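Residues per chain, in single letters:
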Amino acid sequence: MNATFYKKIANNVQIVFRKTDSEVSYVGIMVGSGTRDEGETEGGLAHYIEHCVFKGTPTRSARDIIDHIEGVGGEINAYTTKEETTFYAATPTRQWRKTLALLADMVLHPTFPKKETDKEVGVILDEIDSYEDSPSELIYDDFEGLIFDQHSLSRPILGTKKTVKQIAKHSAVAQQFMQRQYRPERTVVFVQGNHKSDAIVAAVEQLLGGDWHTNAPTASPRIAPANYTPQQRSYKKHTHQVHVMLGSRAYPIGHPKNLVLYLLNNILGGGSMSSRLNLTLREKQGLVYTIESQYTPLSDTGYWSIYFAADAKDKDKCIGLIMHELQILRDKPLSERQLKRALVQLRGQMAISAENQENNALAMAKLMLYHGVAPTWEETYQRIAQITANDLQEVAQEIFNERLISTLIYE
């Protein structure tokens, strides 16, 4: 089992390091700031920043940043979620410290050169167009808007064309957001590779160990979404198929029952062809090409959802079959054989997923951000293996309650 090292340095930046024998290292910085931390007129600002910190620092041009990583065969990337922004790279092991220095420079000293950021705005606007042209992706944003109605979690990560253009006019808006949101106590540095922990701590203390933005106002504390009221909405999209999402609120990260729901969701409509929804709607009935369920835990809330696309004439039948599968899970506990099969299947899926070292590093960072520890997949599975059929039925009755289900339809 790979050893995991944890450290919080004096300014409260957290370090998580997992030693491997690989010749490739994953190095990154995750900041606990995302779309939900934007103001009402700042839609898309967190994502805009993610793009534009690549455009230069006082000592590096945009081309320098790209060449620094790709010139040695590495890959640099970043992404924004509702709650985090992450900058990371895969790099040859011997280059890990230079890579961390580059990422720290980008996060702490971006200059937002207008000539470069204006070009990047065009990229973001194209990204918005592409997203809006894909109903199977757009419906996820709109469904979160339904589930978290009027809360900042309901806003799309990309923002709107109007808000992005407005943000781009005033570079100070991005700088001010970073000053209040990018704080040491919200930051995790993560490293995965063949290194020594002492060297990593020394590098982080030198590169990110100072006081950040001490004269800037601190961010307002996050406010959890208000009480949930199920809603039903339908939009005319004139698509070839009807696209449907349904679901409701669920447990946050760290909730005592969130692993139960994780297993239950995998049984219902997780990534395998033998999930109940796939067997019923696709294999037996031939009604859909894609049907999947997801459980998305967040820091203080969460939601679960089911998505499918089908011919319009089959929409009601599909929804009826889904509701029937949910009812079975509520009313009938799994047999001992069914539970054992579900656990064996999930263990295999987790083991295979763990072969993706990039995903491992990112998952490790997120666990560190919210829990202060990052269990391995084996340690997590040991907890899942203690789940009983009664645990699953109890959660199904609570979360899959038909009276709490919201529905969103693109027709």
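Preceding this section is the structure that the text describes.
Below or above, wherever it landed, is the structure these notes cover. (Residues numbered from 1 in each chain as written. Predicted model: local features only at pLDDT ≥ 70, side-chain atom pairs only at ≥ 80, totals over all residues. Heavy atoms only, no water.)

## A closer look at the overall build of the protein
To keep it simple, the criterion reads: Helix and strand assignments come from DSSP, with helices taken as H or I runs of at least 4 residues and strands as E runs of at least 2, each series counted from the N terminus. Only C-alpha atoms enter the radius of gyration; for comparison, a globular chain is expected to reach 2.2 Å times N to the power 0.38, where N is the number of residues. Here the term buried applies to any residue with accessible area under 20% of the maximum for its type, exposed to any over 50%, and partly exposed to those in between, with areas from a 1.4 Å probe on protein chains only. The contact criterion used throughout is that any non-hydrogen atoms of two residues lie within 4.5 Å. With residues, only the protein chains shown are counted as cover, and all accessible areas are computed by Shrake-Rupley using a 1.4 Å probe.
If you tally the helices and strands in the protein, you get 15 helices and 13 strands. Computed over the C-alpha atoms, the radius of gyration of the protein is 22 Å, within 12% of the 22 Å expected from 2.2 N^0.38 for a compact globule of 411 residues. In the protein, buried positions account for 53% of the 411 residues. Long-range contacts, defined as pairs at least 24 residues apart, comprise 82% of the intrachain contacts of the protein with a sequence gap of at least 6. A total accessible area of about 19200 Å² is found for the protein, and carbon and sulfur atoms account for 48% of it.

## What about the nonpolar core?
The test is simple: In plain words, nonpolar cores are sets of buried Ala, Val, Leu, Ile, Met, Phe, Trp, Tyr and Cys residues tied together by side-chain atoms within 4.5 Å.
Ile29, Tyr48, Ile49, Ile76, Leu100, Val204 and Leu208 are the most contacted members of the largest nonpolar core, which has 49 residues in total. Broken down by element, the residue count for this core peaks at 8 residues, all from helix H3 (residues 96-108). When near neighbours in sequence (up to four residues on either side) are disregarded, Val204 contacts Ile9, Val13, Ile15, Leu100, Val189 and Gly209.

## Examining the pattern of salt bridges
Quick reminder of the rule: Any carboxyl oxygen of Asp or Glu within 4 Å of a side-chain nitrogen of Lys or Arg constitutes a salt bridge here.
Evaluation of the coordinates by the stated rule reveals 21 salt bridges. The closest approach of N and O atoms between Lys55 and Glu120, which form a salt bridge, is 3.1 Å. With Lys55 in the loop between helix H1 (45-52) and strand S4 (56-57) and Glu120 in helix H4 (residues 114-132), this pair connects stretches of sequence that are 65 residues apart. Exposure class is identical for Lys55 and Glu120. Each is buried. For Lys366, the salt bridge identified is with Glu84, shortest N-O distance 3.9 Å. Taken together, the positions of Lys366 in helix H13 (residues 357-371) and Glu84 in the loop between strand S6 (75-80) and strand S7 (85-92) put the pair 282 residues apart, joining distant regions of the chain.

## Re the sheet that holds strand S3 (residues 24-31)
Within a beta sheet, neighbouring strands are joined by backbone hydrogen bonds and run either parallel or antiparallel to one another. Quick reminder of the rule: Strands are treated as partners if at least two bridges between them are detected by DSSP. Lines fitted to the C-alpha atoms define the axes, with helices restricted to the stretch that makes contact. Angles between their N-to-C directions range from 0 to 180 degrees.
Taken together, the 6 strands give an open sheet; going across it, the order is S1-S2-S8-S3-S7-S6, and neighbouring strands pair in mixed fashion. With one partner strand each, in any of the chains shown, strand S1 (4-8) and S6 form the two edges of the open sheet. Neighbouring strand axes in the sheet, compared pairwise and without regard to direction, differ in orientation by 15° on average. On the sheet, helix H8 (residues 197-208) packs against S1, strand S2 (14-19), S3 and strand S8 (187-193) and is oriented at approximately 150° with respect to S2.

## Here's the deal with the packing of aromatic side chains
Going by this rule: Between rings of Phe, Tyr and Trp, where Trp is taken as its six-membered ring, a pair exists when centres lie within 6.5 Å; planes separated by under 30 degrees are stacked, by over 60 edge-to-face, and by other angles tilted.
Within the structure shown, the criterion is met by 7 aromatic pairs. Consider the rings of Tyr140 and Tyr307, whose centres lie 5.8 Å apart with planes at 40°: the pair is tilted. Taken together, the residues Tyr140 in helix H5 (residues 135-147) and Tyr307 in strand S12 (residues 302-310) connect sequence positions 167 residues apart. Accessibility classification places Tyr140 together with Tyr307 in one group, the buried group. Where Phe148 meets Tyr303, the ring centres are 5.9 Å apart and the plane angle is 80°; that geometry is what we call edge-to-face. On the criterion of sequence distance, the pair formed by Phe148 in the loop between H5 and helix H6 (161-168) and Tyr303 in strand S12 is long-range, its members being 155 residues apart. An identical accessibility class is assigned to Phe148 and Tyr303; each is buried.

## Comments concerning the environment of Glu42
We count it as follows: For the purposes of these results, a polar contact is taken to be a pair of N or O atoms within 3.5 Å, where, inside protein, one atom must be able to donate a hydrogen and its partner to accept one; residues adjacent in sequence count only when each atom of the pair is a side-chain atom.
In this fold, Glu42 is placed in the loop between S3 and H1. For Glu42, the contacting residues outside a window of four places in its chain are Ile167, Val173, Phe177 and Arg180. At 2.6 Å, the side chain of Glu42 forms a polar contact with the backbone nitrogen of Gly39.

## Things to note about helix H11 (residues 315-331)
What counts here: Residue count minus one, scaled by 1.5 Å, sets the expected span of a helix.
In a regular helix each residue adds 1.5 Å, so 17 residues correspond to 24 Å; H11 covers 24 Å between its end C-alpha atoms and thus fits that length. Within the sequence span of H11, burial applies to Lys315, Cys318, Ile319, Leu321, Ile322, Met323, Glu325, Leu326, Leu329 and Arg330.

## Considering the packing of H11 against helix H15 (residues 389-399)
Selection rule: Should an angle lie under 35 degrees it is considered roughly parallel, over 145 roughly antiparallel, and from 65 to 115 roughly perpendicular; all remaining angles are considered oblique. In this scheme, a crossing is called left-handed if the near helix is turned counterclockwise away from the far one by less than a right angle; it is called right-handed if the turn is clockwise.
Two elements in contact, H11 and H15, have axes separated by 7 Å at closest approach and are oriented at 130°. The orientation of H11 relative to H15 falls into the category oblique. Once H11 is placed against H15, the crossing between them reads as left-handed. Counted together, Leu329, Arg330 and Asp331 of H11 and Gln393, Ala396 and Gln397 of H15 form the full contact between these two elements.

## Digging into the sheet that holds S12
With mixed pairing, 5 strands are arranged side by side in an open sheet as S9-S13-S10-S12-S11. Either end of the sheet is taken by a strand with one partner, and the two such strands are strand S9 (232-235) and strand S11 (288-297). Averaged over all pairs of adjacent strands, the angle between their axes in this sheet comes to 10°, without regard to strand direction. Pairing between S11 and S12: 8 bridges, direction antiparallel. Within S12, the residue paired with Ile291 across the bridge is Phe308.

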